[in-house]
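The lines below spell out each chain.
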Amino acid sequence: MANSLKVAVIGAGVAGLTAARELQTESHQVVVFEKSHRLGGTWAYDPRTESDPLGTDPNRDVVHGSLYNSLATNLPRHLMSFTDFKFDEKVYDDPRMCPGHGEVLKFLEDFADRFKLTELIRLNTVVRRVEVVVVDSGVTKFVVESETSGVSSVEMFDAVVVCNGHNTQPRLPTDIPGIETWSKKQMHSHNYREPGSFRDQIVVVIGSGPSATDISREIATVAKEVHVSSRSPHVKVAKSNEFNNMWQHSKINCIKDDTVIFEDGFSLDADIICHCTGYQLHFPFLKTNGIISIQDKRIGPLYKHVFPPQLAPNLSFVGIPEESFTFPIIECQSRWIAQTLSHKVFLPSENEMLLDIERYYEELNEKGVPEHRTHYIGFQTSYIDWMFDQTGMALEKSLKDMFEYFNHCLVSAGVDGYVEAFSRKYGSGSC
Ligand code: FAD
């Protein structure tokens, strides 16, 4: 029998919108809390930056978004789709296969309109506290304290779906001896918007992910020199083929007297260090009396990156997996949560879920995967397959083939060629 619950969704980015849609399909009563004045989360580009460019000052006014103005998606739009609402079948202003951020925002706004989600969203409403309580009948409920224009309110919910994003709180390297003595400018990519302030500067960019690649290339168009440092053991010092003022280096060995010394022996008097070193998980509102903890980007225990066994299915997290097909993963997680809450789908016992998590941690350990990569599931389809299977759905063969072909392109053509390789089979366009 259907079980209709009062559910709070925190955040109206891709995860919150998708969760709201699936919960509504299952006839749950949904309230989406969104601290910003508009929906879209990360994809609602925000030109503002924070007062502390490193993002470490706890008293700073936090800006949620981390997109830079020039950002185009690093995945073809086909892979940023939902199973029945496909981005590759829609063009708003930007027909590129990997469009700019504005196009993604339009897609999400269209999605929200199509499934009548806007009426569920309380904009300008920040969630300050989510606390687990056991009411008289022994049932677990959640107190949600929120604030709109300085006015607080407290409500009780049967379930909470956490969709607050994980690309806001900078994660900085802790293993560069002497970094604390650096007296010149330092920033995190969270606060990078445009290259103008790097004109004629000597810049060190730390990182090797998509942000480090995009930002170093953009800065190279105006800077005097750009030196990119990667911790990957395979990197050798090399001049870029694309820019004659850009070099690739190994890891930084140390910083001494404002000189950056790389492990490759090269040293440099730089003007700015830009950390493109990713983000921490951050749930400042969550009070679970230690049931859930965060340790170096591992939030746990979480069954399949979604449910904390002790509070499942009434507390859940959407969008935790990283380096993955984010939109499809968010869709299948959301459906699983909604149908579990309506008792169409059942979870294993608490102990079985805990055992599964333990086995997963052991597997990571055996493979030498560091803790901070617990939720990096990669561009594979087995997770999506498994999750859809829980709700009695099979991933369409054509979609599965496309995901697998993308993975093949990534492996065979590398980061510089994967989009072109993908577009040879799935249509024209560029990134
Ligand atoms: P978000 O989009 O961050 O949304 C979270 C929402 O929660 C926000 O609206 C926020 O205001 C709200 N919120 C947070 N805390 C509270 C609170 N306490 N109370 C109320 N509301 C709150 N993914 C791709 O698939 N393709 C790409 O090309 C791609 N490029 C990226 C490039 C960059 C630079 C970054 C940073 C990320 C990129 N991503 C990309 C990943 C991207 O994060 C996801 O696509 C997606 O935006 C994640 O959605 P989300 O809903 O989980 O989080």
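Look a little higher up for the structure.
Cut-offs used in this document
- Residues numbered from 1 in each chain as written.
- Predicted model: local features only at pLDDT ≥ 70, side-chain atom pairs only at ≥ 80, totals over all residues.
- Heavy atoms only, no water.
- Helix = DSSP H or I, 4+ residues; strand = E, 2+ residues; numbered from the N terminus.
- Rg over C-alpha atoms; globule rule 2.2 N^0.38 Å.
- Contact = heavy atoms within 4.5 Å.
- Areas by Shrake-Rupley, 256 points an atom, 1.4 Å probe, with all protein chains shown as cover.
- Lys, Arg positive; Asp, Glu negative; His and termini not counted.
- Charge placed at Lys NZ, Arg CZ, Asp CG, Glu CD.
- Phe/Tyr/Trp six-rings, centres within 6.5 Å; stacked < 30°, edge-to-face > 60°.
- Buried < 20%, exposed > 50% of the residue type's maximum accessible area, 1.4 Å probe, protein only.
- Axes fitted to C-alpha atoms, helices over the stretch in contact; angles between N-to-C directions.
- Parallel < 35°, antiparallel > 145°, perpendicular 65-115°, else oblique.
- Left-handed = near helix turned anticlockwise from the far one by under 90°.
- Nonpolar A, V, L, I, M, F, W, Y, C, P; charged D, E, K, R; others polar.
- Pairing = 2+ DSSP bridges.
- Near = heavy atom within 4 Å.
- Polar contact = N/O pair within 3.5 Å; in protein donor to acceptor, adjacent residues only side chain to side chain.

Asker: Help me understand the overall build of the protein, please; the structure alone is not making it clear to me.
Answerer: Helix and strand content of the protein: seven helices and 22 strands. Its C-alpha atoms give the protein a radius of gyration of 22 Å, within 12% of the compact-globule value 22 Å for 431 residues. For the protein, the spread of C-alpha atoms along the principal axes amounts to about 65 × 50 × 45 Å. Here the contacts in the protein between residues at least 6 apart in sequence split such that 62% fall between residues at least 24 apart. A total accessible area of about 19,700 Å² is found for the protein, and carbon and sulfur atoms account for 48% of it. Averaging the positions of the 42 positive and the 57 negative side-chain charges in the protein gives two centres separated by 2 Å.

Asker: Explain the packing of aromatic side chains to me, please; I cannot follow it from the model alone.
Answerer: Two aromatic rings are characterised by how far apart their centres lie and by the angle between their planes. Tallied over the full model, the rule gives 27 aromatic pairs. Between Phe-325 and Phe-406 the ring centres are 5.8 Å apart and the planes differ by 65°, which places this aromatic pair in the edge-to-face class. Here Phe-325, found in the loop between strand S22 (315-317) and helix H4 (326-341), pairs with Phe-406, found in helix H7 (residues 397-426); they are 81 residues apart in sequence, far enough to count as distant. Each member of the pair, Phe-325 together with Phe-406, is buried.

Asker: Just checking my understanding: could you explain the packing of H4 against helix H6 (residues 382-390) for this structure?
Answerer: In helix packing, the relevant descriptors are the interaxial angle and the interaxial distance, both defined with respect to the helix axes. At a minimum axis distance of 9 Å, the contact between H4 and H6 shows a crossing angle of 25°. On the basis of the axis angle, H4 is roughly parallel to H6. The two elements H4 and H6 meet at a crossing, and its hand is left-handed. From H4, Pro-328, Ile-329, Glu-331, Cys-332, Gln-333, Arg-335 and Trp-336 reach across to H6, where they touch Tyr-383, Ile-384, Trp-386, Met-387, Phe-388 and Gln-390. For the contact of H4 with H6, the residue count by class is nine nonpolar, two polar and two charged.

Asker: Is there a simple way to think about the environment of Glu-420 in this case?
Answerer: The residue Glu-420 is located in helix H7 in this model. When the C-alpha positions of Glu-420 and Pro-76 are compared, they lie 10.0 Å apart, and in sequence the two are 344 residues distant.

Asker: Can you help me understand the sheet that holds strand S4 (residues 125-134) in this one?
Answerer: Where strands meet in a sheet, backbone hydrogen bonds hold them as pairs that are either parallel or antiparallel. The strand order across the open sheet formed by four strands is S6-S5-S4-S19, and the pairing between neighbours is mixed. Each of the sheet's edge strands pairs with one partner strand only, and the pair in question is strand S6 (151-157) and strand S19 (286-287). Taken together, the seven bridges between strand S5 (residues 140-148) and S6 define a ladder with antiparallel strand orientation. Bridge assignment links Ser-146 to a residue of S6, and that residue is Ser-153.

Asker: What exactly am I supposed to notice about the site of the ligand here?
Answerer: Looking at the ligand, there are 31 residues lining it, with Ala-15, Glu-34, Thr-42, His-64 and Asn-74 nearest. Contact distances for the ligand include 2.9 Å between an oxygen atom and a backbone N or O atom of Ala-15. Between the ligand and the protein, one listed contact pairs an oxygen atom with a backbone N or O atom of Thr-42 at 2.8 Å. When residues of the shell around the ligand are traced back to their parent elements, those giving at least two are helix H1 (14-25), S4 and H4. Counting residues per element, the shell around the ligand draws most heavily on S4, at three residues.

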